[in-house]
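Residue strings, one per chain:
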Amino acid sequence: MEELLKKGWVLIFKSVDGTDAKIKKSKLSAAGIEVIAFDHQDSMMTSLNDTNFMVSLFVHQKDEASAKEILG
């Protein structure tokens, strides 16, 4: 996840509700915004901290303002 931040991606949304994250990812994708979903449950992070079941969405820095507007 840290590598994403170094490469110009920004965290736009996080939730413990995977369905909500999928809906938001679909909205952003439909608007032409490239999105990366990071499911903490599928990573080693669940054994290292309290991010169990968290899903994070990342977009490019250039799309941050548009993504925030779309997600409200």
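For the structure, check the block above.
Just so it is clear, the model here is predicted, and its values are computed rather than measured.

(A) The arrangement of the side chain of aspartate 63 in detail. Positionally, aspartate 63 belongs in the loop between strand 3 (55-60) and helix 4 (64-71). Setting aside chain neighbours within four positions, we find aspartate 63 in contact with Ile33 and Glu34.

(B) Focus on the sheet that holds strand 2 (residues 35-39). Taken in spatial order, the three strands make up an open sheet running 1-3-2, and their pairing is antiparallel. Taken across any chain shown, the strands that pair with only one partner, and hence form the sheet edges, are strand 1 (9-15) and strand 2. Direction aside, the axes of adjacent strands within the sheet are offset by 25° on average. The pairing of strand 2 with strand 3 spans five bridges and is classified as antiparallel. Along strand 3, the bridge assignment pairs aspartate 39 with valine 55. Along the sheet, helix 2 (residues 18-30) contacts strand 1, strand 2 and strand 3; its crossing angle with strand 3, the most-contacted strand, is approximately 15°. The sheet strands contacting helix 4 are strand 1 and strand 3, and the helix crosses strand 1 at an angle near 20°.

(C) Structural view of the nonpolar core. Residues Val10, Ile12, Phe13, Ala21, Leu28, Ile33, Val35, Val55, Leu57, Val59 and Ala67 constitute the largest nonpolar core, which totals eleven residues. Among the elements of the structure, strand 1, helix 2 and strand 3 are those that each provide at least two residues to this core. For phenylalanine 13, the contacting residues outside a window of four places in its chain are Asp20, Ala21, Lys24, Val55, Ser56, Leu57 and Leu71.

(D) Seen up close, helix 2. A rise of 1.5 Å per residue sets the reference length of helix 2, with its 13 residues, at 18 Å; its end C-alpha atoms lie 18 Å apart and thus fit the reference within 8%. What helix 2 keeps buried is the set Ala21, Lys24 and Leu28. Buried residues of helix 2, viewed axially, fall in a sector of 65°; they line one side. For helix 2, the exposed residues lying more than 90 degrees away from the buried face are Thr19, Lys22 and Ala30. In this fold, the buried residues of helix 2 make contact with strand 1, strand 2, strand 3 and helix 4. Two to three positions downstream of the cap, the backbone nitrogen of threonine 19 sits 3.0 Å from a side-chain oxygen, assigning the N-cap of helix 2 to aspartate 17. Following helix 2 by one or two positions, glycine 32 adopts a phi angle in the positive range, close to 85°.

Conventions and cut-offs
Residues numbered from 1 in each chain as written. Predicted model: local features only at pLDDT ≥ 70, side-chain atom pairs only at ≥ 80, totals over all residues. Heavy atoms only, no water. Helix = DSSP H or I, 4+ residues; strand = E, 2+ residues; numbered from the N terminus. Contact = heavy atoms within 4.5 Å. Pairing = 2+ DSSP bridges. Axes fitted to C-alpha atoms, helices over the stretch in contact; angles between N-to-C directions. Core = buried A, V, L, I, M, F, W, Y, C linked by side-chain atoms within 4.5 Å. Buried < 20%, exposed > 50% of the residue type's maximum accessible area, 1.4 Å probe, protein only. Expected span 1.5 Å × (residues − 1). Arc of directions from axis to C-beta. Polar contact = N/O pair within 3.5 Å; in protein donor to acceptor, adjacent residues only side chain to side chain.

Functional significance is not addressed by these values, which are geometric in nature.
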